[in-house]
Each structure stands twice: as structure tokens, then as C-alpha cells.
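Chain residues, written in single-letter form:
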Amino acid sequence: MRRYSFLLITLLIICTSCSISRPTACGPTPTKQQIELQDMEEYAFIHYSLNTYTDQEWGYGNEDVNLFNPKNLDPRQWARTCKESGMKGIIFTVKHHCGFCMWPSAYTEYSVKNSPWKNGQGDVVKELAEACKEYGLRFAVYLSPWDRNHAEYGRPAYIDYFRNQLRELLTNYGDIYEVWFDGANGGNGYYGGANETRHIDRTTYYQWAETYRMIRELQPNIVIWNDGGDRGDLRWVGTEAGFIGETNWSLLNKDGDVPFEMLHYGLENGNVWVPGETNTSIRPGWFYHDQENSRVKSLSKLMETYYKSVGRNSTLLLNFPITRDGLIHQEDSLRGSAFAKMVREIFSNDLIEGASLTATNTRNNSSKYSIKHAIDGKTNTYWATDDDVKTAAVTIDFGKPTTFNRFMTCEYIQLGQRVKDFKLEVFVNGTWEPLKDIYAERGDGMTTVGRKRIICFPTVTASKLRFTIVDSKACPLISRLGVFLAPELTPDIPGSGEKYSTKWNVSLAGGGNGNGRSVIIDLKGKKNVKGLRYLPPQDRNTRGIVMDYAVFASVGNGEWKEISKGEFSNIVNNPIWQTVNFPAITTDRIRLDAVRLASGERIRFEDIDVVTE
Ligand code: FUL
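Residues numbered from 1 in each chain as written. Predicted model: local features only at pLDDT ≥ 70, side-chain atom pairs only at ≥ 80, totals over all residues. Heavy atoms only, no water.

Student: When you look at the overall build of the chain in this model, what are you seeing that I'm missing?
Tutor: When you go through the chain residue by residue, the secondary structure sums to 10 helices and 24 strands. Residues counted as buried form 55% of the 613 residues belonging to the chain. The contacts in the chain between residues at least 6 apart in sequence include a share of 76% that link residues at least 24 apart. Of the charged side chains in the chain, 72 are positive and 74 negative, and the gap between their average positions amounts to 3 Å. (Helix = DSSP H or I, 4+ residues; strand = E, 2+ residues; numbered from the N terminus. Buried < 20%, exposed > 50% of the residue type's maximum accessible area, 1.4 Å probe, protein only. Contact = heavy atoms within 4.5 Å. Lys, Arg positive; Asp, Glu negative; His and termini not counted. Charge placed at Lys NZ, Arg CZ, Asp CG, Glu CD.)

Student: Could you clarify how one ought to interpret the pattern of salt bridges in this entry?
Tutor: Should their charged atoms come close, side chains of opposite charge can pair. Enumeration over the complete set of coordinates arrives at 32 salt bridges. With a shortest N-O distance of 2.9 Å, Asp147 and Lys95 are connected by a salt bridge. In this pair, Asp147 is assigned in the loop between strand 3 (138-143) and helix 6 (156-172) and Lys95 in strand 2 (residues 89-95), connecting sequence segments 52 residues apart. There is no split in this pair, since Asp147 and Lys95 are both buried. Across the pair Glu304 and Lys301 runs a salt bridge, and its minimum N-O distance is 3.8 Å. Of this pair, Glu304 and Lys301 both sit in helix 9 (residues 299-307), 3 residues apart, roughly one helical turn. By relative accessible area, which is 17% here, Glu304 ends up buried. Under the relative-accessibility criterion, Lys301 is labelled partly exposed at 26%. Each of the salt bridges in this network shares a partner with another, and the network as a whole consists of Asp39, Glu41, Arg451 and Lys452. (Salt bridge = Lys/Arg side-chain N within 4 Å of Asp/Glu carboxyl O.)

Student: Any chance you could explain the site of the ligand here in plain terms?
Tutor: Close contacts around the ligand come from 14 residues, with His47, Trp58, His96, His97 and Asp182 the closest. Side-chain polar atom of His47 to an oxygen atom of the ligand: 2.7 Å apart, as the coordinates give it. A distance of 3.5 Å separates an oxygen atom of the ligand from a polar atom in the side chain of Glu240. Tallied by class, residues from the shell around the ligand come to 6 nonpolar, 6 polar and 2 charged. (Near = heavy atom within 4 Å. Polar contact = N/O pair within 3.5 Å; in protein donor to acceptor, adjacent residues only side chain to side chain. Nonpolar A, V, L, I, M, F, W, Y, C, P; charged D, E, K, R; others polar.)

Student: Before we go on, may I ask you to explain unusual backbone geometry in this structure?
Tutor: When glycine is set aside, most residues are seen to have a negative phi, and most peptide bonds are trans. Backbone geometry places Asp55, a non-glycine residue, at a positive phi of 60 degrees. Tracing the backbone through its elements, the reader meets Asp55 in the loop between helix 3 (51-54) and helix 4 (75-84). Judged by relative accessible area, Asp55 falls into the partly exposed class, the value being 37%. For Asn557, which is not glycine, the phi torsion reads 55 degrees and is therefore positive. Along the chain, Asn557 falls in the loop between strand 21 (546-556) and strand 22 (559-567). For Asn557, a relative accessible area of 80% gives the class exposed.

Student: Can you walk me through the environment of Asp437 in this structure?
Tutor: As for its position among the elements, Asp437 is in the loop between strand 16 (431-434) and strand 17 (453-472). A C-alpha to C-alpha distance of 9.5 Å links Asp437 and Leu424, two positions 13 residues apart in sequence. Sequence-distant contacts of Asp437, defined by excluding residues within four places in its chain, comprise Asp444, Gly445, Met446, Arg453, Ile454, Ile455 and Cys456. Reaching out from Asp437, the side chain makes a polar contact with the backbone nitrogen of Tyr439 at a distance of 3.1 Å.

Student: What exactly am I supposed to notice about the nonpolar core here?
Tutor: As a rule of thumb, soluble globular proteins bury nonpolar side chains together. Phe68, Trp78 and Phe92 are the most contacted members of the largest nonpolar core, which has 82 residues in total. In terms of residues, this core owes the most to one element, helix 6, which gives 7 residues. Setting aside residues no more than four positions away along its own chain, Phe68 makes contact with Tyr48, Leu50, Tyr53, Leu73, Phe100, Met102, Val112, Ser115, Pro116, Trp117 and Val124. Ile371, Ala374, Val394 and Met446 belong to the second largest nonpolar core, which has 31 residues in total. (Core = buried A, V, L, I, M, F, W, Y, C linked by side-chain atoms within 4.5 Å.)

Student: Just to check I follow, could you spell out the sheet that holds strand 11 (residues 315-321) for this structure?
Tutor: Strands in a sheet are paired, the pairing made by backbone hydrogen bonds, and the direction either parallel or antiparallel. Reading across from one edge, 7-4-3-2-1-11-10 is the order of the 7 strands in this open sheet, with parallel pairing throughout. Each having just a single partner strand, strand 7 (223-226) and strand 10 (277-281) make up the two edges of the open sheet. Averaged over all pairs of adjacent strands, the angle between strand axes in this sheet comes to 25 degrees, irrespective of strand direction. As paired strands, strand 2 and strand 3 are joined by 6 bridges and run parallel to one another. Within strand 3, the position partnered with Ile90 by the bridge is Phe139. (Pairing = 2+ DSSP bridges. Axes fitted to C-alpha atoms, helices over the stretch in contact; angles between N-to-C directions.)

Student: Is there a simple way to think about the side chain of Arg198 in this case?
Tutor: Among the secondary structure elements, Arg198 is positioned in the loop between strand 6 (196-197) and helix 7 (208-218). Contacts of Arg198, omitting those with residues within four sequence positions, involve His150, Ala151, Glu152, Tyr153, Arg155, Asn185, Gly187 and Tyr191.

Student: Help me understand the packing of aromatic side chains, please; the structure alone is not making it clear to me.
Tutor: Ring pairs (aromatic) are described by centroid distance and by the angle formed between their planes. The tally for this structure, following the rule as stated, stands at 41 aromatic pairs. The interplanar angle of 45 degrees and the centroid separation of 5.2 Å between the aromatic rings of Phe407 and Phe467 together place this pair among those described as tilted. With a gap of 60 residues between them, Phe407 in strand 14 (residues 392-411) and Phe467 in strand 17 connect regions that are remote in the sequence. A relative accessible area of 0% places Phe407 in the buried class. The buried category is assigned to Phe467, whose relative accessible area is 0%. Here the aromatic residues Tyr153, Tyr158, Tyr161, Phe162, Phe181, Tyr191, Tyr205, Tyr206, Trp208 and Tyr212 are joined through ring pairs into a cluster of three or more. A cation over an aromatic ring shows up here: Arg466 above the ring of Trp432, its NZ or CZ 4.2 Å from the ring centre. Positioned above the aromatic ring of Phe552, the side-chain terminus of Arg591 is 4.2 Å from the ring centre. (Phe/Tyr/Trp six-rings, centres within 6.5 Å; stacked < 30°, edge-to-face > 60°. Lys NZ or Arg CZ within 6 Å of the ring centre and 35° of its normal.)

Student: Explanation requested: the packing of helix 6 against helix 7 in the structure shown.
Tutor: If you want to describe how two helices pack, look at the angle between their axes and the distance between the axes. The interhelical angle for the contact between helix 6 and helix 7, taken along N-to-C directions, is 15 degrees, at an axis separation of 10 Å. The angle between helix 6 and helix 7 falls in the class roughly parallel. For the element pair helix 6 and helix 7, the recorded crossing hand is right-handed. Counted together, Phe162, Arg163, Leu166, Arg167, Leu170 and Thr171 of helix 6 and Trp208, Glu210, Thr211, Met214, Ile215 and Leu218 of helix 7 form the full contact between these two elements. A per-class count over the contact of helix 6 with helix 7 returns 7 nonpolar, 2 polar and 3 charged. (Parallel < 35°, antiparallel > 145°, perpendicular 65-115°, else oblique. Left-handed = near helix turned anticlockwise from the far one by under 90°.)

See below:
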């Protein structure tokens, strides 16, 4: 008899645990490497190259190696600054489009080894890799596929060169967590003296499949960022302005084009996991320029960037440029550490602790999936509903009037991204009132969740908060709920510092370059002019953006004199004010000609200005 009852109890236990079915994966799921990367949340970009010494954003490939001779180069200061700014790793531009290598590559003469810095004995990559180790940061490399210096660029031999360089980088500098393959390509360049335009087919030229195989073999823990052809492990978000869509699926389709909408919002029913990485600079440009010292992003702009990246299911890749001296500028480091301090302070005090939570549904009524797992401080436990339940609510009862303005929730993404739509309400004066995200693009701004979603709303005092999942691809799995009070920051006036109405009489057409491809600035009398400034259209349309320019000054009798020509580097991805400086000239009219437009037939501009003496 005793034997039977023992068997019965064992059977009962087995049956009960069987009936608590585990949720199964919904759609594509992240790899271990992608999870590790997404968990970093914030990491730094460092842009440093010969551009730093030529005041450019893109080098042509013929810049003199002798320009590289920093007096105080200190990668430990960079690592310390990034650490103090809350960054968990650094991605370094080991080779930008100009082709100059910041390490003594055995495969080119165009590197630090032929510069005066440390008599050619230095290696910036090595110093930075070591500094990252010292400060507990992960280290990664940006290696530009487009190389405006290399004679073979555009031909098969360059691919061997590119892979040889990658092999050097991925074997000699310890663990590398990410490799960044910029898709930018302006066509023309020095190319070993050829000085010509070379076009490549992004989809076939680089033969990424073979390169990826080599990368993963050399660095099994790496993630690949690629905007130049093949799908990588991470995606660009379609803008360098520092935000991703409020609806953000970490999914794309394995094949096919990826237009702006997909980069920015992901694809709800995509068939591969490719999370967004929001890259932006702490200043307008990626490289250091003296004239941008007063334009380092404000604390409120950085916080907004944080909410619109980390708070929207993306990582944040924040750029710090290196000065000509070889350091991160004090303005940037002060702003960076203030930013980290604010993030720390806001999110270290979770007002949900002590509140009581009730959910409308719990999977199998089992404590294994109860709502307490959303506040247990663990990332691998979660609240789950029954399989057929895709709408469910959680009421957070603070037990007393509580003041807050931020809400955080996280999905257990290991089993896929699910939540499609949610809402928040607060209980004030006996009624439930809806909240709205202050950064909402549409409606209340609350759609997808993903790894982390933070909602910002005006400060409210309430005794209860209700989180309702309105729709989900499968039963929701919520691993975190949090409520916080952040200091109110004065938001930047949109576009302030970026745009001001033109002071001059500006007219399109005319000039020597055909209809609509020239802009004439009438200075209303003679002025001493030493520069021209051009702000491209801000509507994310490439039509009419000037890529290559020529500037002319009127010299009377209908004659014009060319005073400058060149390219507006990276203007399509980063449409900020462009400045052309030239020797001062006294004139009453300045003309800007579009030598090459990104697309379309006529110049477009948001604003245009001259710099007078
Ligand atoms: C762009 C590049 O062209 C910029 O110079 C910068 O490196 C940025 C991160 O990516 O595509």
C-alpha cells in the first residue's frame, strides 16, 4: 500500500509540472553574441585619423602621413573618459575612408609606421586595446571597406588586401566584440595616384560570405555590423541623428533591399534577428573640428538620445572625436560624465519596489510565471500569460500617492520579440487617465517593447499605474517593470543652433551651371566674405543635396571667379551645416554651384549663409 501511494504522489508531481507548459519561441531569436551586445546598451565610437589634421570628415586618400604627429596622444584618457561616460566598450576607426591605418599594417605603407609619431614605432590600435582592457571595456574596430588610398580599390586584389588587414586586426589585438563595415562610398579618390571615380557593386564586390566565415573563425564572440551589402548581426537605423523608430522590431528579412523604413522600424514578421544600433556623435561631425567646441550636445539632448535609442530597444553607439593633440576634448568628457551620472541616478531608484502588483492572467496560474518575476531583479525570469492570451494588464499599486514620469518594461527576448501594442494609465482622483509618451511619433507612442522600452511622460502623482498589453504576436513574456522619477530638463528648441533664417537675398538658377544647379547669394552691397555655409534639406530626402560643390565670387561686369571647390563629405547620412572657408574676398554676390547632386536636378537647401569678416 505504501508503495502505491508513493507512486501516486510521484505521478501527481510529474503531471503538475507537465501541465505548466513552457512558452515556446516566437519567430527568430537572438544569438548569444547578439544578447551580449544588446546587454551592453551603450558603447563609444572613436573617430580619429588624418582627417583630424585636415579638418575634414572624409579624406581623399592622398593626405600626407607626416601630418600625423600628436603631442599628447593618450588612449588611456579616451578609455577613462568613455568609462566615465557610461560606455561599456569602444569601436575605433582603425582605417577610415582615406585608407590611413592607425596600426603598422604589414600590407601598406600608408600607416602610422611612416608617420613622425613615435618615429614610426607607434601603434594606436594596440595602445587603445590595452587601455580598454585596463578600464574593463570591450574593444572593437571600424574598418572602412571603401579605401580612397589603395591603388587596387575596385579590383579583386583589394579584397585580398582587405582580408589581410582584417586578419591582422582580429589576431593581434585580443578579443574584438564588433566589426563595423561602413557602407559609405563616394566613388572618387586618389587610388594610388589614379585620381578617378571607381564604382563597385555593393552586393558582389566585397564577397562578404567568405569574409564573414574568416571573421567568425578568428573571433567567435564577435558581432558584425554591415551597411555595405550582406546582412550582418546588427543594422544601421537609417539616420545618424541619434534615434530609432518608436516601433522597433529587432527583425529583418534575410534577403532583399533594406529601405529606410525597415532600418528604422525593423520588420514585424522578418525572418532574421538583426537589432538596431543607433550611431550618433556627441558633436555635429564625426571627426574633431575646433569650430564645433561650442556645439557639443547638451545634457537634455543626450538624455533624449538615450530614451530614443536604449529606451526604444536599440543600443547606443555614441561618438567621441579625438583632438589634434590626441585627447578627448574637455567639453565632450564633461558632457559625457554628466550624461552617465544622470542615467545612473534616474534608474537606480525604482519606485516599483514596495508596490503590489496584480496581473489579469498568469500562465497556468503558476508561481513560476507570476508577475513577481517582473520585479525580482533577474533578467532570466519573467511573467508569462497562457498561450492563447495576447491581451493582459498589470496593475501596480503603490499604496500611497507616488510621483513619477518614466516607465520601463523589458521582454524576455531569448524567446523572440512579441509585444505589438500597449498602453499606460494612471489612477488619479478616482479615475483611470491615459498617459502619452512625450516623444510619441503616432498616437500614444506605445507599440513595441523588445529588450527595453522606456516611456517618458510629464510628471504625475498617482497611487496606481496600469500597464496593459493590447496586442502581442504570442503570449507576452515580461522580464522587467520599473517606475522612475527623472529631473525635468529644458528640452532643446528643435533645430536651435542648427538653423537660422537667411539674412541675404537668395535666388536659385542663373550662374554658369544650368538651371536650378546654382544658388546666388546677394549680399545687399559689398562685404568682406571668407566662407560659405550650406544646410541641406532636413526632410530625409536626398533630392537636391549638394555633394560636390564649387563656390564663385562676383567680380563685376557679370564675371565670376572660382574661389573654392570640393566635396561635402557624408552629407547624405549626416545632413548638418557644411562650411567652406576661403581667403577673404570683397564682393557683393557669392554663388554656390552643385557639381554633383545626391539625386534630382536642382539644388535644395534648408538654409544658406556666408561668413563675413
Ligand atoms: C558614415 C561615414 O561616412 C562617416 O564618416 C562616419 O564614419 C560614420 C560613422 O559613418 O557612414
